[in-house]
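Structural characterization, general
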Amino acid sequence: MALCQNFTMKNSEPSFSPSRRTLLGILAGGAGLTASATAKRALAVPRLGGKSGAKGAPATWVLDAVETANSFGDGATIPFFEYQALGGGQTRGSLPYAEATEGVTMTITVTNSLSVSIRPAVIGVARGPWIRAGQTDSFTFAMPPAGTWLISTAQGSQGSGAGSRQGTVAGRPTTGLGGTLVSRPASGNQVLYDGGPSYDREYVVLFDDADDRWNAIQNDPRAKLAGPYEPNYFRVNGLTFPGTFGDMDTLISAMVGERVLIRMGNLGGVRQSVHMHGFHSDVAARNNVPEVHLGPKDTIPVPSGTTTDIITTVNQQGMFPFHPHDATAITANGTYPFGQLMLVVVN
Amino acid sequence: MAGLGGNVGSNLYLRAQMVGSQMIAGQAITPWFFTDTTTGTGYGFGGDRSFPGAVLEFIEGQPSTLTFDNFSMQDHTVHLHGLDTDMANDGVPMTSFAVGGMQSFTYQFLAPRAGTYMYHCHVDTVLHLVRGMHGTVIVRPPDASTSVAWVGGPSFDEEVLWHLSSYQLDFANLNSPGPTTVRMKPDAFLLNGLETPAARNDVCSRIVFGSGQTAYLRVTNTSFQWARVRLGGHAFQVVASDGYPMAQSYTTNEIELGPGERYDLLLQGFPVGDFPGRIDYLNGTGGVIGTVKTRIVVT
């Protein structure tokens, strides 16, 4: 009999234990909202509409590469490079985000406020010019097919010369200079791509990571790296838990029965295998290629420098963790739980 | 495999233990593990070793329970990875609760579709999982068959589980995670809890089947590394992952699993012979950091 009572709880309001109240406090933290209000606000955030790239009109995205500092749960503050969005785009968490319709002309303009040269690129689409410290330059390309694309950045001294810090490989940054570019289908329909799956709401989840020894010297063009890249700090949309719970773009909120598109990207140096509690998800596309082999999955690989689009039909209410299953990635230098821990909230 | 098909039911039991001794990378460590004491062994996997934990086998569609005794002084949970339980039974302290030392809890859930799943402790996961608190869940078809993967799915003559994990010796003296539980450099790369050469002839790990027969290999990766599986260079069919049939099965001669993934493989048409089954553990950038081997014997 107790068993039957438990099963009926799935469709009733959850009762909240003290531990849940603690969590809900985190959810509401910083926003001055009750947990319930926070969730409602999240659900009210429009997830659609390409204002930065109206259908057919050329689009622009203006970015400034700057050095920032991220504080982590273990008390450490680590310098990062990040793009700040100056125009034509938005943010997801603290990282830049833009969208435009497939096929339209996109121009990305980057100002380099760092002390090292950088070369932005949209992985698999276009490479920009090397941009020296203090300079501004642009590159223009046709928006790729509808899907999820990543802006990535190499850094160094144009690939040669003494003091060059070639810590990155082509198409994969290690220091946070990245962002997401969503290409909308030409039809304007609410689908991942024309002829592809539909959805009710969408989120962007962009993983990256950092080795604090590398980041400490990243803005010194004369510094030489010692040792391999071994990340010990991990972020999602430029945030870490509990910030991932408090950010309305990173806290995944939905109503029971909705289909949620989660656009996952990985600009970190290591690949991740991401597990969602409570639900299986359809893997719609990997690196913008429709996935044909896999059935529904609860743990989904996201290789470095790639994107994976999943659609989750949330069929039960509650709060469910969503995190890489290499649990070192849900720590701050080993202190647990921080890092890339996210939450799915279903009302 | 010895032990598979022997623990099928809808009301199962696990006990968390943090006692005993197990040799890993040449050193005796105190394992943290899950045992099913109802089998009378006091051990985990196969009844002859501490970790991985006992294999749990539920029946698709049945209201099911897992009674968990935390027979230790630390908090632990059982997270039923991939079974898509409700929030209260998800085994995550942050969203439900931890089971305190010397406390018990009975998880309740509807057994999902037949397939391969896993379980692990979700308290201080970065440490507890590596110390050995993990196991495999198999969900059998509604008729509890142990020779058919799922209703309408492939049938098989032999069934083997490869449960993958790794161990790092300097975790063995930790009771809570910290700066040493990152940048992992495992000392041991395990197949069903054993290293090479012990895994080579392990009755739970080696695959023995007759020419013309079909073997069904369930692979679960509870390590924090990626794992590449090869079966002596022979091609096999990938038929399911994470508890669901593939939308389109395919044939390959190697497959990589990320941490937390499961794949079900169908071995058919192998020639008579004795072949190496090899698992390479990979770091986050794809480099091989360890290997464990066993045998594939086709008679």
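Higher on the page you've got the structure.
A brief look at the structure comes next.

What counts, and where the lines are drawn
- Residues numbered from 1 in each chain as written.
- Chains lettered and ligands numbered in written order.
- Predicted model: local features only at pLDDT ≥ 70, side-chain atom pairs only at ≥ 80, totals over all residues.
- Heavy atoms only, no water.
- Helix = DSSP H or I, 4+ residues; strand = E, 2+ residues; numbered from the N terminus.
- Rg over C-alpha atoms; globule rule 2.2 N^0.38 Å.
- Buried < 20%, exposed > 50% of the residue type's maximum accessible area, 1.4 Å probe, protein only.
- Contact = heavy atoms within 4.5 Å.
- Areas by Shrake-Rupley, 256 points an atom, 1.4 Å probe, with all protein chains shown as cover.
- Lys, Arg positive; Asp, Glu negative; His and termini not counted.
- Charge placed at Lys NZ, Arg CZ, Asp CG, Glu CD.
- Salt bridge = Lys/Arg side-chain N within 4 Å of Asp/Glu carboxyl O.
- Patch = residues over 30% accessible without salt bridge, like charges linked within 9 Å, V, L, I, M, F, W, Y side chains within 5 Å.

All right, on to the overall build of chain B then. Helix and strand counts for chain B come out as one helix and 21 strands. The C-alpha atoms of chain B give a radius of gyration of 18 Å, which matches the 19 Å a tight globule of 299 residues would have. Projecting the C-alpha coordinates of chain B onto the three principal axes gives extents of approximately 50 × 40 × 35 Å. Burial analysis of chain B (299 residues in total) assigns 61% to the buried set. Within chain B, counting contacts between residues at least 6 apart in sequence, those at least 24 apart form 69% of the total. Here chain B displays about 9,500 Å² of accessible surface, and carbon together with sulfur accounts for 48% of that area. With 16 positive and 25 negative side-chain charges, chain B shows a separation of 8 Å between the mean positions of the two kinds.

Turning our eyes to something else, we now look at the pattern of salt bridges. Residue and element names in this part refer to chain A. Inspection of the entire model under this criterion finds 28 salt bridges over all chains. Close ionic contact of Arg213 with Asp211 constitutes a salt bridge, the shortest N to O distance being 2.8 Å. Residue Arg213 is classed as partly exposed on the basis of its relative accessible area, which comes to 38%. By relative accessible area, Asp211 is classed as buried at 0%.

What follows covers a nonpolar patch on the surface. On the surface, Phe71(B), Met73(B) and Met102(B) cluster together to form a nonpolar patch covering roughly 360 Å² of accessible area. Position of Phe71(B) relative to the elements: it lies in the loop between strand 6 (63-70) and strand 7 (79-81).

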